[in-house]
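# Analysis of the macromolecular model
Residues per chain are reported as follows:
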Amino acid sequence: MSQDVSAPHHEHPDVVGSRNRLGVILILVADIAFALSMMFVYFYLRQQNVNDMWLPRATEDRPATQPISSMGAWQIAAICAVGLFFNRFAVSGSRINSKERINIGTFVALLLSIVGLVMQVMQMNATGFTTRMGAYASSYYLIAFVNLLHLVITVFISLGNWNRGRLGLYNTNHWHLTISNVWWIWMTVSAALGAFALSFA
């Protein structure tokens, strides 16, 4: 008995959403493990300060490595928190089929993720040191680069959410927004962890 394979196969949105949520959770578990190990390395190198290379003194070849204020990192974390609020606002709008709330929430979240990304790039370009200028410098760039990567992913996700909301694709299901909210939560927590670590130079 032959089976007709010409008709397209459509899975229920809840099935697709459940599978994608599992994928996001697995990605988050790996990312959280890496972030925590990064925090351990930062404080371990700071505590050990082998050969006084955490913040090397000035030499004939290079100036002393000066730590930068963690205020910029905290500002980015605050922007991420506000973006999380607006993304959550969009999620709540999708559950009551409010296109206006979806569009406002996703658009503001997109703008804030772009602002955070630009601020992160500007801060990395204004450090005054390179990765070879001590353990603090290399640890700083590791934390900053991870945060930069998170923000790039967030901009991509937020752009997709805003475009789908603009097209009215969240009227029937909203699992995309729900999943992205989980990512926003972790991204905000990760940014705050990085800012916390950089507060101890």
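Scroll up a little and you will see the structure.
A few points on the structure. Computed from a predicted model, the values in this text were never measured in an experiment. (Residues numbered from 1 in each chain as written. Predicted model: local features only at pLDDT ≥ 70, side-chain atom pairs only at ≥ 80, totals over all residues. Heavy atoms only, no water.)

## Regarding the nonpolar core
Of all hydrophobic cores here, the largest spans 39 residues; its most connected members are Tyr42, Phe129, Tyr140 and Ile143. Listing elements by their share of this core, those giving two or more residues are α1 (13–48), α2 (71–95), α3 (99–125), α4 (135–166) and α5 (175–198). For tyrosine 42, the residues in contact, after removing those within four places along its chain, are Trp54, Tyr136, Ser139, Ile143, Ala197, Leu198, Phe200 and Ala201. Ranked by size, the runner-up nonpolar core spans five residues in total, among them Ala90, Ile102, Tyr170 and Leu177. (Core = buried A, V, L, I, M, F, W, Y, C linked by side-chain atoms within 4.5 Å. Buried < 20%, exposed > 50% of the residue type's maximum accessible area, 1.4 Å probe, protein only. Helix = DSSP H or I, 4+ residues; strand = E, 2+ residues; numbered from the N terminus. Contact = heavy atoms within 4.5 Å.)

## Observations concerning the packing of α3 against α4
Contact geometry for α3 and α4: axes closest at 8 Å, N-to-C directions at 155 degrees. Here α3 is positioned roughly antiparallel relative to α4, judged by the angle of their axes. The element α3 and its partner α4 pack so that their crossing is left-handed. In terms of residue class, the contact of α3 with α4 is built from 18 nonpolar, 11 polar and two charged. (Axes fitted to C-alpha atoms, helices over the stretch in contact; angles between N-to-C directions. Parallel < 35°, antiparallel > 145°, perpendicular 65-115°, else oblique. Left-handed = near helix turned anticlockwise from the far one by under 90°. Nonpolar A, V, L, I, M, F, W, Y, C, P; charged D, E, K, R; others polar.)

## Examining the environment of tryptophan 162
Along the chain, tryptophan 162 falls in helix α4. A residue is classified by how much of its surface remains accessible, and tryptophan 162, at 25% relative accessible area, is partly exposed. Taking the C-alpha atoms as reference, tryptophan 162 lies 4.8 Å from threonine 106; in sequence the two are 56 residues apart.

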